[in-house]
Structure formats: C-alpha cells, structure tokens
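Okay, here's what each chain looks like letter by letter:
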Amino acid sequence: KKKSTGPTPMMAQYLGLKAGHADAILLFRMGDFYETFYEDARIVSEVLGITLTSREKQGDDPIPLAGIPYHALDQYLARLLDAGHTVAICEQTEDPAQAKGLVQRDVVEVISPGTITNPALLRDTDSVWLLPIVPGEGDRWGWALLDSSTGEFRCATTTRDEAMALTRRYPVAEVLLPETGDRGTGPSSIERDVQPAEVSFRSPMHFDPRVASEELCRHFGCRDVSALGLEAGEPAVGAAG
C-alpha cells in the first residue's frame, strides 16, 4: 500500500494562495501558462472549452488541471467574467532564473464582473457598474453605484423598489450584498429582482456604517460623511463604503 504524502511545495504554495481567495478562480502563473487546479480547473475547462487534464497522474489522487497561455489572458479572462466568475490573478513575483528553490508568487489583482478597469476586457457597453445594496430597516435601502473604468460614483438611500430599478436603468454587471441577505425575505428575492446582473456576497463587516464612514472619509479626505451629502448611519453609507 502506498504511503500518503502531503502536497508538493508548489501545490502547498497554491493551496495557501487559494485559501485567501476561496470565492475566486485562481489563475496560477507557471512559466508561460496560467494553471488552474481542482474545482477551478473543472469550471475553466467547461466555460472556456479547453482540455481538462490532471497533475500527479500516477498518484492515488490525481489533481484536475487546466491551463491557458499567458499571452491570451485577456481573451480568456473576458469570457470568465462574462460567465459571472470572479478571477484572482497570481503572478511570479521574482525571476525564476534568480530563484533559490520555489519561485515566489502572489495574487496581484482580483477582478469581478463589476470591477473591470482594463479597456481590453470591456464588452459592448461603455460602462460597467458595480451596485452594492444594503437592505435597511423598513423601506430605507442603501445603494451605491461605481463604474470602475471611469471612477464615476454615486449613492443614496431610497425604497427597495427604487434600488431594484437601478439594474434596469444602468448596465449593472454585479450586485454586491451582505452575506446576511435580504432581511426577512431572503437573498433569493433580491437575486431574482436584479437579473441578469451577477450577485456576490461579502461579510456584513464591510457594510458596517461606522467602518464605512472611516473608509469614505479617508478616501475622499473629508472630516465626516456629511461632506458627501450623507447622514451618519444611514444605509447608503454602508453601501458606499
């Protein structure tokens, strides 16, 4: 019986980076290719129509593998984003020729359908909007709109229906929600109302008005959020942050 062995140093490096980006497809640079492994490889193979192979084929647990050439990254990245996936790009951060042992790698960029800034990845529309929404008490919902490609930004506290209507007025690529969802009615009701935009979830901490106020004031260089036309604690503050 073969003895169970742990991951190779390179796979251990991959698994550590993947753990920090569990919700994204991790494109792991290896020489002239970006490789994907495990479930990421299955998704990439299906979405891009490329061959799914495996690493460590002779072992007890071969690892699913699919790769794309580095020079064709924009082409494949656009298709992954169009399919609604968030992608983390991991580069070699040192020259392999100078490396002593394992080449250092790190995630240098994370791109989601609503945070595209590279003109080569923009499709038929001039704008790609990200729409964070914060369900509030009663019918006071906070929202913010950001076009990452131009920096255009706006936010407000309105009714639920007005917040939902934004996906029909703007080419929203991605809706961002707190993981707690749509208080009382479940996140599925929002997901249904904002189709065809992709829906992503983040920790409620990122939508906390106190944390958001600090971020907004630091970013815009103001003393308090009233300079942005906002009232402290209103749902729009959390969405804007």
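Remember, predicted model here, so these are calculated numbers, not experimental data.

Chemist: In this structure, what is going on with the overall build of the protein chain? I would like to understand it.
Modeler: Along the protein chain, the regular secondary structure elements total seven helices and 11 strands. The 241 residues of the protein chain split such that 44% are buried. Within the protein chain, residue pairs in contact and separated by at least 24 positions form 55% of the contacts whose partners lie at least 6 positions apart. Here the protein chain has roughly 13,200 Å² of accessible surface; of this, 49% comes from carbon and sulfur atoms.

Chemist: Looking at this structure, I do not really get the sheet that holds strand β7 (residues 129–134). What am I missing?
Modeler: Working definition: the strands of a sheet are paired by backbone hydrogen bonds and lie parallel or antiparallel to each other. Reading across the sheet, the five strands line up as β9-β8-β7-β10-β11 and stay open at both edges, with mixed pairing between neighbours. In this open sheet, the two strands that pair with only one neighbour each are β9 (152–158) and β11 (198–202). Averaged over all pairs of adjacent strands, the angle between strand axes in this sheet comes to 20°, irrespective of strand direction. By the bridge criterion, seven bridges tie strand β8 (residues 141–147) to β9 in an arrangement that is antiparallel.

Chemist: So what exactly am I meant to see when it comes to the pattern of salt bridges here?
Modeler: Oppositely charged side chains may form a pair once their charged atoms are brought near each other. All told, the structure shown has six salt bridges when counted by the stated rule. Residue Glu91 is joined to Arg29 by a salt bridge in which the shortest nitrogen-to-oxygen separation is 3.1 Å. Here Glu91, found in strand β5 (residues 87–92), pairs with Arg29, found in strand β1 (residues 25–30); they are 62 residues apart in sequence, far enough to count as distant. Assigned by exposure class, Glu91 and Arg29 land together as buried. Taking the shortest distance from any N to any O, the salt bridge between Arg154 and Glu152 comes out at 2.0 Å.

Chemist: Is there a simple way to think about the sheet that holds β1 in this case?
Modeler: Pairing in this open sheet of six strands is mixed, and the strands run β3-β4-β2-β1-β5-β6 from one edge to the other. Strand pairing shows two members of the sheet lacking a second neighbour, β3 (53–55) and β6 (105–111), which therefore form its edges. With strand direction ignored, the average angle separating the axes of adjacent strands in the sheet is 35°. The pairing of strand β2 (residues 33–37) with strand β4 (residues 63–69) spans five bridges and is classified as antiparallel.

The rules we used
Residues numbered from 1 in each chain as written. Predicted model: local features only at pLDDT ≥ 70, side-chain atom pairs only at ≥ 80, totals over all residues. Heavy atoms only, no water. Helix = DSSP H or I, 4+ residues; strand = E, 2+ residues; numbered from the N terminus. Buried < 20%, exposed > 50% of the residue type's maximum accessible area, 1.4 Å probe, protein only. Contact = heavy atoms within 4.5 Å. Areas by Shrake-Rupley, 256 points an atom, 1.4 Å probe, with all protein chains shown as cover. Pairing = 2+ DSSP bridges. Axes fitted to C-alpha atoms, helices over the stretch in contact; angles between N-to-C directions. Salt bridge = Lys/Arg side-chain N within 4 Å of Asp/Glu carboxyl O.

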